[in-house]
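# Observations on chain architecture
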2 protein chains.
Amino acid sequence: MKNILILGAGLSSSSLIRYLLQHSENLNIKIRIVDQNLENIFVKTNQHPRSEALVFDALDKEKRLFEIEKADIVISMLPAKYHVEVAKDCLEKNKHLITPSYVTNEMKALSIEAEKKGLIFLNEIGVDPGIDHMSACKIMDNVKEKGGRILEFKSYCGGLIAPISDDNPWHYKFTWNPRNVVIAGFNSTSRYVENNEFKYIPYHRLFTQVEEINIPEYGAFEAYANRDSLSYQKVYDLENSPTLLRGTLRKKGFCEAWNIFVQLGMTNPDFVLDDSENLTPRKFLNVFLPYHPSLTIEEKFIRFLGPQKHLFPLFEYLDLFSSKSTIGIPNASAAVILEHILISKWKLNPNDKDMLVMFHHFVVEFNHQKQIIQSYFVTIGENNLYTAMSNTVGLPMAICTKLIIQNKIKQRGVILPISKEIYVPVLYELEDYGIRFVEKQMEINSKIYNS
Amino acid sequence: MKNILILGAGLSSSSLIRYLLQHSENLNIKIRIVDQNLENIFVKTNQHPRSEALVFDALDKEKRLFEIEKADIVISMLPAKYHVEVAKDCLEKNKHLITPSYVTNEMKALSIEAEKKGLIFLNEIGVDPGIDHMSACKIMDNVKEKGGRILEFKSYCGGLIAPISDDNPWHYKFTWNPRNVVIAGFNSTSRYVENNEFKYIPYHRLFTQVEEINIPEYGAFEAYANRDSLSYQKVYDLENSPTLLRGTLRKKGFCEAWNIFVQLGMTNPDFVLDDSENLTPRKFLNVFLPYHPSLTIEEKFIRFLGPQKHLFPLFEYLDLFSSKSTIGIPNASAAVILEHILISKWKLNPNDKDMLVMFHHFVVEFNHQKQIIQSYFVTIGENNLYTAMSNTVGLPMAICTKLIIQNKIKQRGVILPISKEIYVPVLYELEDYGIRFVEKQMEINSKIYNS
């Protein structure tokens, strides 16, 4: 019997654990799960006989190493910054490792040693990164095999609220870490290339330069540029592609309103507001509005909105003008306070369902004939435990765990899911779970395309 | 004979050196100046018999310590971050120290030991900080002595081009470190208090929230908020003042145009542009403009300017649309490239004169009667060696050197020029050099003031 060690039983571990337990007899595996909170583990295992709860802090190196020693494969669901520590343990104890997170330079540096030891350190095998890599590479490999060339690749992904649970004027709820949503892109410059022109977008314009995406049956979305698209040139072998852009999806209209928070300065995590504990939402708003000797806060805010005053009701919905209660968090940054205000309105209710949307847009060329290829999927969460986010993050990880047990992954070292031996079986099996890409191809008149 | 050791013979040392040499017989002092460039020193000393050139790198600790040992007073004109190292040397060798820069926490930490040893570590004794402290404290001490209360203090300062040399549509040239002008305020949040309301301005709005200041004979200026005004509450004993704001002055209209650079993202020093070496100004502009398949760069920029398209000629003046030459700087950040472009148009010509403007605005209250006190000075540089910047930075430092030699400063430890023993004689003597504050007082109807 093989031992699978999962570090962290947070929200995104539920579907991973369910899949592995469902397949535990067939694969003859035991799933051992580390979390500080026993209830966190039991909710996901139902005390399944092939599961074992290990209640300790996974950041405790000594205890962690002790358990890693007994494992065959380690799956780190810890915050991304801790993966490299776990990876070093896995090197020491000769264990395979799976993480859903971006490969850092530190992680990359372990590749040669991992390869030498015959270990698989598989990263970026969640949804974004993860399913995006796999589905994009499947299309691109196919185009290249047929002698085609990629002229344009734009890829979008978003964790959103399902239409059935979409009951607020922002058309958004927190379906993953609220903190990361509030500070997404903060003070970094997004970079991409369009028609061979490098483009840079500073944070304060990030939510003003959006592209509209329409998805059949799901309506209009919009996308803002996601950090550094160019870092994908190498991963995807797209150094010569004239257009490469990755974006984050929101429902149409969200970005215009979110930009107001950015413009106000409310998304800043880097400085502490004076007397934050005693601020009300109303006072919090006022500190960012230009001083006026007589206007009310509502009047100042409408003046601030200028031609966007149609957005006023969205902020009213968030009780931003309320003086009823104080924030109550000492030494809080603007971002922490904004998160606090948003959570009370944007948290998932017990019956809410989330939605994960991914959309790829390619322009490819075969013998001077240009073609658009679009590929997308939408998946809705089952409930507030097996969310769309949890399914799309956890299932690729779980399937890869199976592939490693079955010895079907031949690569070694620090790897991404961009080779056929991984993406073919994973994408195929994801379809059983309703994660199924719809693909469309359209010939285009190259004269029209170029104009 | 006493030895004065000056570390650094850069632009702002010239007036300091001239004053000390002019007074060297009377004071019986020798001025020894360290710089890596002998010419830098000779330009300022004319090989005066009471001067000595020491050609070495002042950051070389061993050589520096050797010279500090021989000195009675050390004046650090090095970049601000090195002052604390010099201060530690001065502690070791029991020497007084003068710097024109803001006191850091590290510097503050040396105060007790300096005090114990009977040493004066006088900081913030240039123009801003320096003359601003002295002139403001003079007024505030006077108000307090008469039983008055400070309701409002706004203080503005700017290094600008003299009207006679103002020959460009930006009404601005670099009269000090261009780098610091380009990145002024970058990605920090400015903080002040107005009528008891805390106010925060994120960088991307810094140049949109300006106040207009009119100065007789010099016309209309505008001021943007200068970093953290609230850090002055303690220094000035103004914790209870309802309004406290420090601002940086520009000629009217500058901030609106400068804000375009901010909005584009061109003031960012934090990331390197791809292929920066081969960018032309035109291409540099284009990477920040939203992509369009057919518009020219001029058309895209006009679209970007929107209602501010009247600013177009200012950017044309800077040759921002030029493709004639490449930037030629490898691995350059946006800020470095922008600085490069601006320098060719904004550098001081040999005959140009600079101008230093300082403006204080107080509202004070005596027995429920409110009064406005305004105090300002404007000084024009003599030439491109004895600039207004050099005079206003160097003369207060030089005068304080004299005061220390004459044993007229009784305080010890890390101090600022906010006590009478310093500001009274310094401000008095500055008048001889044309740095003379004009003061106005106006009674105001409190009903009007409150409305």
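What counts as what
- Residues take numbers from 1 onward in each chain, read along the sequence in its written order.
- A letter from A marks each chain and a number from 1 marks each ligand, given out in the order of writing.
- Only residues with pLDDT of at least 70 get local features here, since the model is predicted, and only at 80 or more are side-chain atom pairs given and counted; chain-wide, interface and lining totals rely on the full set of residues.
- Water and hydrogen atoms were dropped before computing side-chain values, which therefore reflect all heavy atoms in the structure.
- Copy-to-copy alignment: least squares on C-alpha atoms, limited to residues at pLDDT 70 or above in both.
- For this analysis, residues touch if any pair of their heavy atoms sits within 4.5 Å.
- Accessible area that two parts lose when put together, evaluated with a 1.4 Å probe and summed over both, is termed the buried area.
- Any carboxyl oxygen of Asp or Glu within 4 Å of a side-chain nitrogen of Lys or Arg constitutes a salt bridge here.
- Counting of polar contacts relies on pairs of N or O atoms within 3.5 Å, with two restrictions inside protein: one atom must be capable of donating a hydrogen and the other of accepting it, and residues adjacent in sequence are counted only when both atoms are side-chain atoms.
- Numbering of helices and strands runs from the N terminus, with a helix taken as a DSSP run of H or I at least four residues long and a strand as a DSSP run of E at least two residues long.
- In this classification, Asp, Glu, Lys and Arg are treated as charged, Ala, Val, Leu, Ile, Met, Phe, Trp, Tyr, Cys and Pro as nonpolar, and every other residue, Gly included, as polar.
- Domain limits in this description derive from either an automatic procedure or a database domain assignment.

## So, the relation of the copies chain B and chain A
Mapping chain B onto chain A leaves a residual RMSD of 0.0 Å; the transformation is a rotation of 180 degrees accompanied by 0.1 Å of translation along its axis. Taken together, the rotation angle and the small translation identify this as a two-fold axis. With an isologous cut-off of 70% or more, the 100% of interface residues of chain B that recur at the interface of chain A puts this contact in the isologous class.

## Quick look at the interface of chain B and chain A
Chain B puts 32 residues into the contact, and the matching count from chain A is 32 residues. Summing both partners gives a buried area of about 2900 Å² for chain B against chain A, and 49% of it is carried by carbon and sulfur. Considering only the side of chain B, the residues that lose the most area to chain A are Tyr200, Asp274 and Tyr291 of chain B, jointly responsible for 25% of the buried surface there. In this assembly, chain B and chain A are joined by four salt bridges. Salt-bridge contacts for Arg191 of chain B lead to Asp274 of chain A; the nearest nitrogen and oxygen are separated by 2.6 Å. Across the contact surface, chain B and chain A share 26 residue pairs in polar contact (both at pLDDT 80 or more). Here the side of chain B that touches chain A takes four residues from strand S9 (residues 197-201) of chain B, the largest share from any one element. The residue inventory of the side of chain B that touches chain A, partitioned by class, reads 15 nonpolar, 10 polar and seven charged.

## Structural notes on the domain arrangement of chain A
Residue and element names in this part refer to chain A. For chain A, the domain assignment lists domain 1 (2-123), domain 2 (131-257 + 351-388 + 436-450) and domain 3 (258-346). Computed over C-alpha atoms only, the centres of domain 1 and domain 2 are separated by 30 Å. With seven residues of domain 1 at the interface, the matching set in domain 2 holds seven residues. In total, domain 1 and domain 2 occlude about 600 Å² of area from one another, counting both sides; carbon and sulfur atoms represent 46% of this. When the area that domain 1 buries against domain 2 is broken down by residue, the three leading residues are Ser14, Arg18 and Tyr102, summing to 60%. Taken together, domain 1 and domain 2 are joined by one salt bridge. Residue Arg18 pairs with Glu382 through a salt bridge whose shortest N-O separation is 2.7 Å. Where domain 1 meets domain 2, there are four residue pairs in polar contact (both at pLDDT 80 or more). Contributions of two or more residues to the side of domain 1 that touches domain 2 are made by helix H1 (14-22) and helix H3 (38-45). With three residues, the top contributor of residues to the side of domain 1 that touches domain 2 is H1.

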